[in-house]
Amino acid sequence: MSTRTLVSPLALARPRGRAVYWTVFGGVVLLFALAFLFPVYWMVTGAMKSPDEVTRTPPTLLPEHWHLGGYTDAWDLMDLPTHLWNTVVQAAGAWLLQLVFCTAAAYALSKLKPAFGKVVLGGILATLMVPAQALVVPKYLTVADLPVLHTSLLNSPLGIWLPAVANAFNLYLLKRFFDQIPRDVLEAAEIDGAGKLRILWSIVLPMSRPVLGVVSIFALVAVWQDFLWPLMVFSDTDKQPISVALVQLSQNIQLTVLIAAMVIASIPMVVTFLVFQRHIIAGISAGSSKG
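Reading the values: the criteria
Residues numbered from 1 in each chain as written. Predicted model: local features only at pLDDT ≥ 70, side-chain atom pairs only at ≥ 80, totals over all residues. Heavy atoms only, no water. Helix = DSSP H or I, 4+ residues; strand = E, 2+ residues; numbered from the N terminus. Rg over C-alpha atoms; globule rule 2.2 N^0.38 Å. Buried < 20%, exposed > 50% of the residue type's maximum accessible area, 1.4 Å probe, protein only. Contact = heavy atoms within 4.5 Å. Areas by Shrake-Rupley, 256 points an atom, 1.4 Å probe, with all protein chains shown as cover. Phe/Tyr/Trp six-rings, centres within 6.5 Å; stacked < 30°, edge-to-face > 60°. Lys NZ or Arg CZ within 6 Å of the ring centre and 35° of its normal. Salt bridge = Lys/Arg side-chain N within 4 Å of Asp/Glu carboxyl O. Axes fitted to C-alpha atoms, helices over the stretch in contact; angles between N-to-C directions. Parallel < 35°, antiparallel > 145°, perpendicular 65-115°, else oblique. Left-handed = near helix turned anticlockwise from the far one by under 90°. Core = buried A, V, L, I, M, F, W, Y, C linked by side-chain atoms within 4.5 Å. Nonpolar A, V, L, I, M, F, W, Y, C, P; charged D, E, K, R; others polar. Polar contact = N/O pair within 3.5 Å; in protein donor to acceptor, adjacent residues only side chain to side chain.

Caption draft 1: Seen up close, the overall build of the protein. When helices and strands are tallied, the protein shows 15 helices and 0 strands. Radius of gyration (C-alpha) of the protein: 25 Å, far over the 19 Å computed for a compact globule of 291 residues. Evaluated residue by residue, the protein yields a buried proportion of 33% over its 291 residues. Residue pairs in contact within the protein that sit at least 24 positions apart in sequence constitute 69% of those at least 6 positions apart. In the structure as shown, the protein presents an accessible area of about 18100 Å², 70% of it carried by carbon and sulfur atoms.

Caption draft 2: Spotlight on the packing of aromatic side chains. One pass over the structure, following the stated rule, counts 6 aromatic pairs. We note Lys 49 situated over the ring of Trp 42; from NZ or CZ to the ring centre the distance is 4.2 Å. Of note, Lys 139 hangs over the ring of Trp 229, and the distance from its end group to the ring centre comes to 4.4 Å.

Caption draft 3: Broad picture of the pattern of salt bridges. This structure, assessed with the given rule, holds 5 salt bridges. As a salt-bridge pair, Glu 187 and Arg 183 come within 3.8 Å of each other at their nearest N and O atoms. Residue Glu 187 and its partner Arg 183 are located together in helix α10 (residues 183–191), separated by 4 residues, close to a single helical turn. On the basis of relative accessible area, Glu 187 is assigned to the partly exposed category, the value being 37%. Residue Arg 183 is classed as partly exposed on the basis of its relative accessible area of 36%. Its salt-bridge partner being Glu 190, residue Arg 183 comes within 3.9 Å of it at the nearest N-O pair. Here the salt bridges do not stand alone but share partners, grouping Arg 183, Glu 187, Glu 190 and Lys 196 into one network.

Caption draft 4: Geometry of unusual backbone geometry. With omega at 0°, the peptide bond leading from Thr 57 into Pro 58 counts as cis. Here Pro 58 is to be found in the loop between α3 (51–54) and α4 (69–77). Although it is not a glycine, Asp 79 sits at a positive phi angle of roughly 50°. Secondary-structure assignment places Asp 79 in the loop between α4 and α5 (80–112). Phi is positive for Lys 113, close to 50°, though the residue is something other than glycine.

Caption draft 5: Representation of the environment of Trp 85 within the structure. For Trp 85, the position within the fold is in helix α5. Look at Trp 85 and you get exposed, because its relative accessible area is 57%. Residues Trp 85 and Gln 240, spaced 155 residues apart in sequence, show a C-alpha to C-alpha distance of 9.7 Å.

Caption draft 6: Main features of the packing of α5 against helix α9 (residues 168–179). Relative to each other, α5 and α9 sit at 45°, their axes nearing to 8 Å. One way to sum up the angle between α5 and α9 is to call them oblique. When the axes of α5 and α9 are compared, the crossing they make is right-handed. Between α5 and α9, the contacting residues are Gln 98, Cys 102, Thr 103, Ala 105, Ala 106, Tyr 107, Leu 109, Ser 110 and Lys 111 on the first element and Asn 170, Leu 171, Leu 174, Lys 175, Phe 178 and Asp 179 on the second.

Caption draft 7: The environment of Ala 74, seen in detail. In this fold, Ala 74 is placed in helix α4. In this structure the C-alpha to C-alpha distance between Ala 74 and Lys 175, which are 101 residues apart in sequence, comes to 43 Å. Excluding residues that lie within four positions of it along the chain, Ala 74 makes contacts with Asp 79, Leu 80, Val 257, Ala 260 and Ala 261.

Caption draft 8: Here's a closer look at the nonpolar core. Counting 31 residues, the largest nonpolar core has Tyr 71, Leu 80 and Ile 242 as its most contacted members. Here this core gets 9 residues from one element, more than from any other, and that element is helix α15 (residues 255–287). Setting aside anything within four residues of it in sequence, one finds Ile 242 in contact with Leu 80, His 83, Leu 84, Thr 87, Trp 224 and Ala 265.

Caption draft 9: Quick look at the packing of helix α11 (residues 196–207) against helix α12 (residues 209–225). One can describe the packing of α11 onto α12 by two numbers: an axis separation of 5 Å at closest approach and a directional angle of 70°. Classed by the angle they form, the pair α11 and α12 counts as roughly perpendicular. Along the contact surface, α11 presents Leu 205, Pro 206 and Met 207, while α12 presents Arg 209, Pro 210 and Leu 212. The residue inventory of the contact of α11 with α12, partitioned by class, reads 5 nonpolar, no polar and 1 charged.

Caption draft 10: Just the side chain of Lys 175, in detail. Topologically, Lys 175 is positioned in helix α9. A relative accessible area of 11% means that Lys 175 is categorised as buried. Of the polar contacts made by the side chain of Lys 175, one reaches the side chain of Asp 179; its length is 2.8 Å. Excluding residues that lie within four positions of it along the chain, Lys 175 makes contacts with Ala 106, Leu 109, Ser 110 and Leu 121.

Shown next, in the form of structure tokens:
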């Protein structure tokens, strides 16, 4: 079966056609690369300019004098190590708990077929229609006075971890992926004497690495970039994550120092994306196929 494209194979077979095709293709790729990378370049170099130069009109493409002091000042004046560590603890805990509980719930709904499973799944998916802002007050009241235990989770990482576990989107994403795992593979493991937990650990999870990478990215980014909920949970400045600290400490900070702090705060997420990008692409492609 032949594939139809904008350029016919006959045109690509000619030297002029190939030259035009690759010129246009390279130009489009270059334009998109510049569109995505130029803001990053502008932010990184903006922290290296002087305070007067960064606000100059028209702006300068390259710094007249390269100043690295903005990054060292941001690291020291804004106490970035403390706030970055707070963010890492909060994001790592939310990611781990979310991965454990969402995976267990998705596996149960997909493969164990519990009673009223469809009703439970429908109730979970119904929460996606509720705006996140509408849940802020109930969440805060629950965290401020935890039912039954009557203890407060304010100024504690648990105030971030526990609400993050209830992620309906990631649970549904995992369930849809588990649904595509062939039943014959699981039945063969059962014949060999593997239990439900053994099947989950030894068969389902290794086959689910792509979708687990996607869920990991979603979980980490959601906590890393969240502002409103950590602002309400952490009144103690020393326990605030980087997203809240950048706003709280930016009042009397030079613009170049603030830009440098934003660059430093974005580095962990960029590194995380680069590490998981292969799994993200594999998860997207796996989610679009069946069998």
